[in-house]
Amino acid sequence: MLSAILVITGIAIFFGLLLGYAAIRFKVEGEPITDELDAALPQTQCGQCTYAGCRPYAEAMAAGEADINQCPPGGEATIQQLADILGVEAKPLSEEHSENANEELMVAKIIEEDCIGCTLCIRACPVDAIVGASKQMHTVIESECTGCDLCLPPCPVDCIEMIPANRGVDKWQWPEPLSIPVVVEKLI
Amino acid sequence: MEYLLIIIGTVWVNNIVLSQFLGLCPFMGVSRKLETAMSMGLATTFVLTLSSISSYLLNEYLLQPLNLEYLRTLSFILVIAAIVGFTEMAIRKSSPILYNVLGIYLPLITTNCAVLGVALLNVQDSHSFIESALYGMGSAAGFTLALVLFASLRERVDVADVPSIFKGNAIALITASLMALAFMGFSGLVKT
């Protein structure tokens, strides 16, 4: 009886120590830079950066495989943040990833008389900005839409169009001045 | 030759899933896609081999000398859980790619009854050290084989025109039983 208790306790302590040691020995530094980059991204998971989502894009940036200017939903502000984290110079959004991002912010609009209520666009929307139910008309919550275009391809009747976002007079901004590249001369 | 017979015997004749009916829940649960089935098979092979070795050592050098055979099940579960935990950490550190492939399936193996079953069968058949290791590896290979075959079958059955009553898990169970019947054809190949 006593030996049984001792043996089980002994095994438990042995494996406990083993696992405790392994937890320290095999500790994975969760690549904090990736987490930081991921936190800076807008988390729309839209895939316009050509990666599967924000996290993979953050990983690619951390690994130095991707440039920082591939996120249209985030825009200039995100690029600035990413540049700060990575310690590189901010640059304008890359041409191939921008499509319509250089212009005004666009939002999706469902042409409601054509909508057949198939819910396909609801499933495609990464930010849950489309409301509706099966066989009911759907509509886009304009303030939530990030203009990612992901709802356009699944629509079987092509009743979604992108329109310029109406952000109201308080959100209106002057067009930003063109960025002028600054060259810092090396002193040494 | 004897070792070869153990391998053949565990992979085909006494297939852990299809003729001993152990580890049926991962067999039904993770056989929807071929890739996940392969990952699961790989993870199970790894853990099963390790756990049959260490449970043999535990039984031979600790439980038997102290006449504590009745603690087998309890201590084997402890060993398996610890090995799975340790393996997970080690793989995560050493090979993130493999860790991503195995993913959630590694921790799930703790509750795979095939792992405990093999450890207990090893004791029951009083295998030696090498025999235990081979028995574990062979069983795991048999498990992987059955899982991969079943997953491939299921991928096809999913797109087949199945009567609505049999759709889903019903036809999967029928498929599994037909596979078990087919594997019975191997009995008599080796006497183990």
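Heads up: the structure comes first, above all this text.
This section reports on the structure supplied with the text.

Rules used throughout
- Residues numbered from 1 in each chain as written.
- Chains lettered and ligands numbered in written order.
- Predicted model: local features only at pLDDT ≥ 70, side-chain atom pairs only at ≥ 80, totals over all residues.
- Heavy atoms only, no water.
- Axes fitted to C-alpha atoms, helices over the stretch in contact; angles between N-to-C directions.
- Helix = DSSP H or I, 4+ residues; strand = E, 2+ residues; numbered from the N terminus.
- Parallel < 35°, antiparallel > 145°, perpendicular 65-115°, else oblique.
- Contact = heavy atoms within 4.5 Å.
- Nonpolar A, V, L, I, M, F, W, Y, C, P; charged D, E, K, R; others polar.
- Buried area = accessible area lost by both parts, 1.4 Å probe.
- Salt bridge = Lys/Arg side-chain N within 4 Å of Asp/Glu carboxyl O.
- Buried < 20%, exposed > 50% of the residue type's maximum accessible area, 1.4 Å probe, protein only.
- Arc of directions from axis to C-beta.
- Patch = residues over 30% accessible without salt bridge, like charges linked within 9 Å, V, L, I, M, F, W, Y side chains within 5 Å.
- Areas by Shrake-Rupley, 256 points an atom, 1.4 Å probe, with all protein chains shown as cover.
- Phe/Tyr/Trp six-rings, centres within 6.5 Å; stacked < 30°, edge-to-face > 60°.
- Core = buried A, V, L, I, M, F, W, Y, C linked by side-chain atoms within 4.5 Å.
- Disulfide = S-S within 2.5 Å.

Another point: the packing of helix 1 (residues 2-25) of chain A against helix 4 (residues 72-94) of chain B. Two numbers describe how helix 1 of chain A lies on helix 4 of chain B: the axes approach to 10 Å, and their chain directions differ by 5 degrees. Classed by the angle they form, the pair helix 1 of chain A and helix 4 of chain B counts as roughly parallel. Of helix 4 of chain B, the residues touching helix 1 of chain A (which contributes Ile8, Ile11, Ala12, Phe15, Leu18, Leu19, Ala22 and Ala23 of chain A) are Leu74, Ser75, Leu78, Val79, Ala82, Gly85, Phe86 and Met89 of chain B. Per-class residue counts for the contact of helix 1 of chain A with helix 4 of chain B are 14 nonpolar, two polar and no charged.

Before going further, it helps to examine the interface of chain B and chain A. At the interface, 18 residues of chain B touch 15 residues of chain A. Taking both sides of the interface into account, the surface hidden between chain B and chain A amounts to around 1,400 Å²; carbon and sulfur atoms contribute 88%. Of all residues in chain B, the largest losses of buried area upon contact with chain A belong to Phe86, Met89 and Lys93 of chain B, amounting jointly to 36% of the total for that side. Connecting chain B to chain A are zero salt bridges. When contributions to the side of chain B that touches chain A are tallied by element, the ones reaching two or more residues are helix 3 (34-63) and helix 4 of chain B. Element by element, the count of residues in the side of chain B that touches chain A is highest for helix 4 of chain B, at 11 residues. For the side of chain B that touches chain A, the per-class residue count stands at 14 nonpolar, two polar and two charged.

A few words on helix 3 (residues 54-62) of chain A. All names here are of chain A. Taken residue by residue, helix 3 has Cys54, Tyr57, Ala58, Ala60 and Met61 as its buried positions. Summarising the axial view, the buried residues of helix 3 lie within an arc of 160 degrees, below the 170-degree limit, and thus occupy one face. Where helix 3 is buried, its residues contact helix 2 (32-40) and helix 4 (75-86). Two residues or fewer after helix 3 comes Gly64, characterised by a positive phi angle close to 80 degrees.

This part takes up the pattern of salt bridges. Close approach of charged atoms allows side chains with opposite charge to pair. All names here are of chain A. Taken as a whole and assessed by the stated rule, the structure comprises three salt bridges over all chains. Linking Arg55 and Asp35 is a salt bridge whose minimum nitrogen-to-oxygen distance equals 2.8 Å. In this pair, Arg55 is assigned in helix 3 and Asp35 in helix 2, connecting sequence segments 20 residues apart. A salt bridge links Arg55 to Glu59; its shortest N-O distance comes to 3.5 Å. With Arg55 and Glu59 both in helix 3, this residue pair falls four residues apart, about one helical turn. Exposure remark for Arg55: the relative accessible area of 32% places this residue in the partly exposed category. What makes Glu59 partly exposed here is its relative accessible area of 41%.

A few words on a nonpolar patch on the surface. All names here are of chain B. On the surface, Ile165, Phe166, Ile174, Leu178, Leu181 and Met184 cluster together into a nonpolar patch covering about 620 Å² of accessible area. The topology assignment puts Ile174 in helix 9 (residues 169-184). With a relative accessible area of 34%, Ile174 lands in the partly exposed category.

Residue and element names in this part refer to chain A. Overall, the coordinates contain six aromatic pairs over all chains when judged by the stated rule. Between the aromatic rings of Phe14 and Phe15, the centroid separation amounts to 5.2 Å while the plane-to-plane angle is 65 degrees, which identifies the pairing as edge-to-face. For Phe15, a relative accessible area of 13% corresponds to the buried category.

All names here are of chain A. Position of Asp38 among the secondary structure elements: in helix 2. Taking the relative accessible area as the measure of exposure, Asp38 reaches 12% and is therefore buried. When neighbours within four sequence positions are excluded, Asp38 is seen to be in contact with Gln43, Cys54, Arg55 and Ala58.

Glancing now at the nonpolar core. Leu18 and Phe27 of chain B are the most contacted members of the largest nonpolar core, which totals 52 residues. Among the secondary structure elements, those contributing two or more residues to this core are helix 1 of chain A together with helix 3, helix 4, helix 6 (105-108), helix 7 (113-124), helix 8 (129-159) and helix 9 of chain B. The greatest single-element share of this core, amounting to eight residues, is contributed by helix 8 of chain B. Each residue touching Phe27 of chain B, except ones within four places of it in the same chain, is listed here: Val17, Leu18, Ala146, Leu147, Phe150 and Ala176 of chain B.

Moving on, we get to the state of the cysteines. In this structure the tally under the stated criterion is zero disulfides over all chains. We note that Cys115 of chain A lacks a disulfide partner, and the nearest cysteine sulfur, in Cys159 of chain A, lies 4.8 Å from it.

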